[in-house]
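# Summary of structural features
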Amino acid sequence: MTFQPEKLTADFVAFRRATFFGAILATTGLGAWLLWKSFRPEGISPLEWAQLVLFVLLFQQIATGFWLVIFGFVTQLVGGDRAQIARSIDENATLEGEPPATAIVLPIYNEDVERVFLGVEAMWRGLEKTGQIEGFDFFILSDSNRPENWLGEEMAWLDLCKKLNAFGRIFYRKRRTPRNSKSGNVADFCRRWGSRYRYMIVLDADSIMTGNLLARLVAMMERNPRVGLIQTGPQLAFGRTFFRRLQQFASKVYAPLFAAGSNYWHLFASNYWGHNAIIRLRPFMDYCDLPELPDPDSRRRHIFSHDTVEAALMRKAGFDVWFAYTEAGSYEEGPPNLSDSLGRDRRWCLGNLQHFWFLFAPGIDFANRFHIWMGVMVYLSSPLWLLFLIFGAVDLALKQRFSLLSSLPGEGLVQSGGAVQWLLLATFALLFVPKLLALLLTIPRSKPYGGALRLAASTLIETVIWTLLAPAIMLYYTQFVVMNLAGLHVPWNAQNRSDDKGLGLVESFRIFWMPPSVGVIATLCLSLYAPQLLWLLAPILAGWLLAPVLACLTSKATLGDWARRHKLFLIPEETKSLAPEELNFVEDNQGREDPAWDYPFGGTARAVIDPLTHAVHVALLRQRPERPDETENYLASLRVKLIEQGPSALDARQHYALLWNADSLRWLHHEFWSRPAAHLHPWWRDRLAEVTRRVGLSDARLETDTKP
Amino acid sequence: MDTVTPQSEWDEALARLLAFFAALEFGGIEHRTSLAMRLLSEARERHSENSGISPVETAMDVASESLEKWFAQVLAESHLSPANRVAVGLFAVRATNAGTVWPAALLSDLPPADLRAALSRVSTRTGPDLAITSMTSRKMDYGAMQVIAQETWHKFAWAPILRAAGIWTAIFFAVLFAYGRLFPQ
C-alpha cells in the first residue's frame, strides 16, 4: 500500500518531533550536567561558565548528529520509514498519458565542458530508455566568463544536439550579465521560460541523475499536488583522488542513516540543497524569489546560498518539501582535495551565516528554522570549538598550577568523581557510534565494498584521517567566520584541479601554512605551561602539524588508485555491473576532449582562428542595436591591440568584451587569415603555424621561437 | 600576368587557402585543393588589377566573398546580413554534418537540393519561444533580528561588534589574570 502524505496527522508529526528533539534535549542536558559536575565543587568560576555555555551549544550539535543516526538506524531496522515521499508511488510507477512539461536546468560557471555535456547525454539516453523523453527539455544555463569555456560550451552544445537529434530540446543560454550568480541564473530561466513548464529539475554542473529517477520524481510530483519540492540524496561518484574516495565512501556508508533520521523528524519540511531536486515551478516563481537581506551594506544584500531560503519560502507558501532519500540514481562529484573543499566552504560559510537573518523571521516553519540553525552551526561551531579548547586548556592549566596536590598528569580530570571520564566517554560515543552503526548495517551487504574486512578497514582509516583533518578545517572555518562577520573578503587562491595533478608538497605548505604554525605555537605553550595536557590534545596538535602533508597526500590520484586496487573505500557504483548505465556512460567516455586549444588564451584564439567555432559563436551572439561611438571606438582599439600586440596585451575583461562583439570577431578572423605571416604578431604566427601543421601542411616561414 | 610579385607569396596564399578550407572540415583533400586552385586563379586576376594588396589577403578576400555568395544561394533565410550569412551557414554546415555528407558541395555552382534544404532547416535559436513571466521577491519581514539591528545599532555592521567583543575578551582575561594573582589558591 502506498503512502499518502496528505493523510499525515498532526499527532503523528508531533510524536516524531517530540521524540527526536526530546532525545537531543535530554542528551545535551546530561552532557551539561556532567560538565557542571566536573567543575570544582566549591562553585563555578567565570571561565567555567563560559565553557559551560559553549559546551551546550556544541554538544547539542553532536547530539543532533547522533540522534539522526539512531532514528535512521531504527527505521532501517524495521524495514524503512513508511512516511516517505518515494513510497507515495509504486516501485514501477510510470506516468500515464502525456507527460507534464519538465525542464532540466543546469546552471554552469566555467566547468569542465566535456563532463557537463557527457552528463547531459547520459541523462538524455537514460530518459529515452524510460520512454518518457518527450516530457523533458534540457537547459544549459551558462555564466562562464572564461573564453575557452564559453567557446567549448557552444561547440559541445551544437555537437550534442546534432548527435542526439535534439535541436529544440536541448537548449543553451549564455547570460551577458551574470547577476546574482546561480540563483540569478535559475531565476532568469524562470522569467523567460518558466511558465512553459510545470516542473523544473535543478542540477549542478557535475550532477547526474538516472532517467528512471527523473521520471519517478515527476510521477511523485504528479501524485502529490501539495508538494512544492522534492530533494534527492545525491551520492558522490567518480572519485579518483584519495580525498574524493574518502568522501564518497563516507557519503555512501554513513549518509543513508543521517538521511533516514532527517526524514524521521522533518517529514514534509525537508531542506533543499540547491541541486538534484525537482521543483513545482508555479509556486516557486510566485513565492520563492529571494528577498534582499536587510544588510546596510548593499553588496551584502544578495543571498549567496539560495537553497535553504527557497525551501523555507516554499514552506511559508504552504507547499510541502520532501526528501526522497531512498531513491537511487542521484549523483554528484566532490571536491578533489582539501584545498578545493575549503575554497567551496569559504563561499558556503558566507551563505550559511547570512541565513541567520531568517532564524527569527515571522512565518518561517519551525523545521526550516532548525535547518537554518544547523547550517549556521556547521561553520559557527568551529570558532566556538576553538574558544572552548582555549578556555578549557587555560582553565585546566590554571587548576594544575594552583593546586598544590595536583602534580600528576591529568590529575585535574579526576577530581570530580569521574564525571569528566563519563563526559569524554559520552562525547566519543556520540561521535563514533554513528559510524559503528553505519558499518554494522553495511556489513551484511559488504561484497561491493571489498568485503567485510576491507569495509571495516576503510571505515577505520577514514575515521583516523578525518580526525586528523578536522582540527585544520576548524581553524579555516574559524577564519572564514571571523572574516565574513567582519565584512572582509576571505582570500583563497586555490585552483580547481583535475584529479590527475593534485597538490605538491611545497604548494601544500604554501596554502596550509596556518595549521602547522598554530600547532607549533600551541605545542610550545603547552610544553611550557601545561605539559600534562599534551597527551590529551595530541590528536589536535598532530592534525595541525600534519595538515600540509595530509592535504598533499590526500590530493593524490595515485594514492586513490592504489586504494581502489586494494579494494579500499570501494562503493558499489564502482563495479560496472552494479552502477547505473548513466554513470558507466560518463566514465567510459571521459577524457576524449580535443586538447588543440588547451593553452593560455586558447579560447580567444579559437574564436578568432577556427572558422567553424568562430562561425558558431558569431551566429549565436544576439545582434545588438548600434552602440555609441565611444563604445565602438573602444572595441576597435581593443581588437587592433589584440592582433598587433598579441593576447597578453589585453586583460581578461577586455578579452571577454571582444568575445561579445560580433563585428570585432569578424574583423579579427579576417585579419588573422588575410595577413601574410610576416605581418602577424609572433604569437599569432605561431598559432597559424599550428593550424597549418594540424591540417597536414607546414611552412618553415611560419615557425618562430615564441611558445604559447 | 603579374611578374613583380614573388612566387613565394603566391605559395603562401595557396597554403593559406588550403589551411582555411581544411579548418572548415568540408570535404576531402581533392575537393579542397581544386577549390583553392580555382580561388587562387581568381585572386591572381584581381591582383593584376590591384597589386597593392598582398596575394594572401587577395586570395582570402576572394574566398570570403565566394562563401558569402554561396551561402546567399544556399540558405533560405534572406533577412541575414552578408556578414552574418556566412556565420549562420557554417553553423548549419556543422549542425548537419554537411562537410561529410556532401563532401564536394562546398562552393559548387549547383549545390544539391537536399543540402540546401538541410542547411535551411537549421535554426541558430538556442532557446524555445520566450514566455516572459514576472518573478519578483515578496517583502520579507525579518522580525526581531531586523528590529534589533535597526533600533540598536541603526547602521548594523559587524566590524565594531567584533572590535567590542575583542576588547571585552581582553578585559575578561585581564581580570581573570589579576584575580588569579590577587587571590592565589
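The shown structure was predicted, so the numbers you read here are calculated from the model rather than taken from an experiment.

### With respect to the interface of chain B and chain A
Each partner contributes to the interface: chain B provides 58 residues, whereas chain A provides 71 residues. Each partner contributes to the roughly 6000 Å² buried at the junction of chain B and chain A, and carbon and sulfur atoms together form 67% of this total. Looking at the side of chain B facing chain A, the largest losses of area belong to R94, M135 and Y142 of chain B, adding up to 15% of the total buried there. Viewed at the interface, chain A and chain B are joined by 1 salt bridge. Note that D159 of chain A and R94 of chain B form a salt bridge whose closest N and O atoms lie 2.6 Å from each other. Between the two partners, chain B and chain A, sit 21 residue pairs in polar contact (both at pLDDT 80 or more). Where the side of chain B that touches chain A is concerned, the elements lending two or more residues are helix 1 (7–24), helix 3 (55–74), helix 4 (82–96), helix 7 (144–153) and helix 8 (158–182) of chain B.

### Things to note about the packing of aromatic side chains
Here the distance between the centres and the angle between the planes together describe a pair of aromatic rings. Residues and elements named next belong to chain A. Under the counting rule described, the total for this entry stands at 51 aromatic pairs over all chains. Ring geometry for F20 against W265: centres 5.7 Å apart, planes inclined by 5 degrees, an arrangement best described as stacked. On the criterion of sequence distance, the pair formed by F20 in helix 1 (residues 10–38) and W265 in helix 8 (residues 255–266) is long-range, its members being 245 residues apart. Here the aromatic rings of F21 and F370 are separated by 4.9 Å at their centres, their planes lie at 90 degrees, and the arrangement is edge-to-face. On the criterion of sequence distance, the pair formed by F21 in helix 1 and F370 in helix 12 (residues 366–402) is long-range, its members being 349 residues apart. An identical accessibility class is assigned to F21 and F370; each is buried.

### Here we look at the sheet that holds strand 6 (residues 227–232) of chain A
Residues and elements named next belong to chain A. Strand order in the open sheet formed by 7 strands is 3-2-1-4-8-6-9, and the pairing between neighbours is mixed. On the outer flanks of this sheet lie strand 3 (170–174) and strand 9 (320–324), each paired with one strand and no other. Strand-to-strand twist in this sheet, taken as the mean axis angle between neighbours without regard to direction, amounts to 20 degrees. In this sheet, strand 8 (residues 277–280) lies alongside strand 6 in antiparallel orientation, the contact comprising 3 bridges. Within strand 8, the residue paired with I230 across the bridge is I278. Along the sheet face, helix 3 (residues 113–130) touches strand 1 (102–108), strand 2 (136–142) and strand 3 and points at about 170 degrees away from the line of strand 2. Those strands touched by helix 4 (residues 147–164) are strand 1, strand 2 and strand 3, and its axis lies near 165 degrees from that of strand 3.

### Side note on the confidence of the model for chain A
All names here are of chain A. Considering every residue of chain A, the mean pLDDT works out to 91; 94% of them sit at 70 or more. Note on residues 404–414: pLDDT is under 50 here. Beyond four places in sequence and across chains, it has 15 contacts. Residue range residues 703–708 is modelled with pLDDT below 50. Its contacts to residues more than four positions away, or to other chains, number 14 contacts.

### Thoughts on a nonpolar patch on the surface
Residue and element names in this part refer to chain A. On the surface, L505, F509, V520, L524, L545, L546, V549 and L553 cluster together into a nonpolar patch covering about 650 Å² of accessible area. The element that contributes the greatest number of residues to the nonpolar patch is helix 17 (residues 538–554), accounting for 4 residues. With respect to the secondary-structure elements, L553 resides in helix 17. Residue L553 is classed as partly exposed on the basis of its relative accessible area, which comes to 43%.

### Overview of helix 3 of chain A
When the terminal C-alpha atoms of helix 3 of chain A are compared, their 26 Å separation across 18 residues agrees well with the 26 Å that a helix rising 1.5 Å per residue should span. At the C-terminal side of helix 3 of chain A, G131 of chain A shows a positive phi close to 80 degrees.

### A few points about the side chain of S251 of chain A
Residue and element names in this part refer to chain A. Inspection of the secondary structure assignment puts S251 in helix 7 (residues 242–253). When its relative accessible area of 17% is taken as the criterion, S251 is described as buried. Polar contacts involving the side chain of S251 include one to the side chain of Q235, which spans 3.3 Å. If we ignore the near neighbours within four places in the chain, the residues touching S251 are Q235, L236 and P256.

### Concerning the environment of E462 of chain A
All names here are of chain A. Assignment of secondary structure puts E462 in helix 14 (residues 452–485). Classification of E462 as buried rests on a relative accessible area of 2%. Distance from E462 to L246, taken between C-alpha atoms, is 6.2 Å for residues 216 residues apart in sequence. E462 has contacts with L246, F249, A250, Y254, K435 and F569, leaving out every residue within four places of it along the chain.

### A look at the domain arrangement of chain B
Accessible area lost during the coming together of the parts is what is often quoted as the interface size. Under the domain assignment, chain B is made up of domain 1 (7–121) and domain 2 (145–182). Centre-to-centre, using C-alpha coordinates, domain 1 of chain B lies 74 Å away from domain 2 of chain B.

### Considerations on the packing of helix 22 (residues 629–645) of chain A against helix 23 (residues 652–659) of chain A
Residue and element names in this part refer to chain A. The N-to-C vectors of helix 22 and helix 23 enclose an angle of 110 degrees; their axes lie 10 Å apart at closest approach. Judged by the angle between their axes, helix 22 and helix 23 are roughly perpendicular. Together, Y634, L635, L638, R639 and L642 of helix 22 and Q654, H655, A657 and L658 of helix 23 make up the contact between the two elements. Looking at the contact of helix 22 with helix 23 residue by residue, the class counts come to 6 nonpolar, 2 polar and 1 charged.

### Re a negative patch on the surface
A cluster of acidic residues, D112, E148, E593, D594 and D598 of chain A, forms a negative patch at the surface. For D594 of chain A, the position within the fold is in the loop between helix 19 (581–589) and helix 20 (602–609).

### A closer look at the nonpolar core
Core analysis: the largest hydrophobic core is formed by 257 residues, its most contacted members being I170, F189, M200, I230 and F284 of chain A together with F21 of chain B. Tallying contributions element by element places helix 2 (residues 46–77) of chain A first for this core, with 15 residues.

Definitions and limits used
- Residues numbered from 1 in each chain as written.
- Chains lettered and ligands numbered in written order.
- Predicted model: local features only at pLDDT ≥ 70, side-chain atom pairs only at ≥ 80, totals over all residues.
- Heavy atoms only, no water.
- Contact = heavy atoms within 4.5 Å.
- Buried area = accessible area lost by both parts, 1.4 Å probe.
- Salt bridge = Lys/Arg side-chain N within 4 Å of Asp/Glu carboxyl O.
- Polar contact = N/O pair within 3.5 Å; in protein donor to acceptor, adjacent residues only side chain to side chain.
- Helix = DSSP H or I, 4+ residues; strand = E, 2+ residues; numbered from the N terminus.
- Phe/Tyr/Trp six-rings, centres within 6.5 Å; stacked < 30°, edge-to-face > 60°.
- Buried < 20%, exposed > 50% of the residue type's maximum accessible area, 1.4 Å probe, protein only.
- Pairing = 2+ DSSP bridges.
- Axes fitted to C-alpha atoms, helices over the stretch in contact; angles between N-to-C directions.
- pLDDT = per-residue confidence, 0-100.
- Patch = residues over 30% accessible without salt bridge, like charges linked within 9 Å, V, L, I, M, F, W, Y side chains within 5 Å.
- Areas by Shrake-Rupley, 256 points an atom, 1.4 Å probe, with all protein chains shown as cover.
- Expected span 1.5 Å × (residues − 1).
- Domains from an automatic or database assignment.
- Parallel < 35°, antiparallel > 145°, perpendicular 65-115°, else oblique.
- Nonpolar A, V, L, I, M, F, W, Y, C, P; charged D, E, K, R; others polar.
- Lys, Arg positive; Asp, Glu negative; His and termini not counted.
- Charge placed at Lys NZ, Arg CZ, Asp CG, Glu CD.
- Core = buried A, V, L, I, M, F, W, Y, C linked by side-chain atoms within 4.5 Å.

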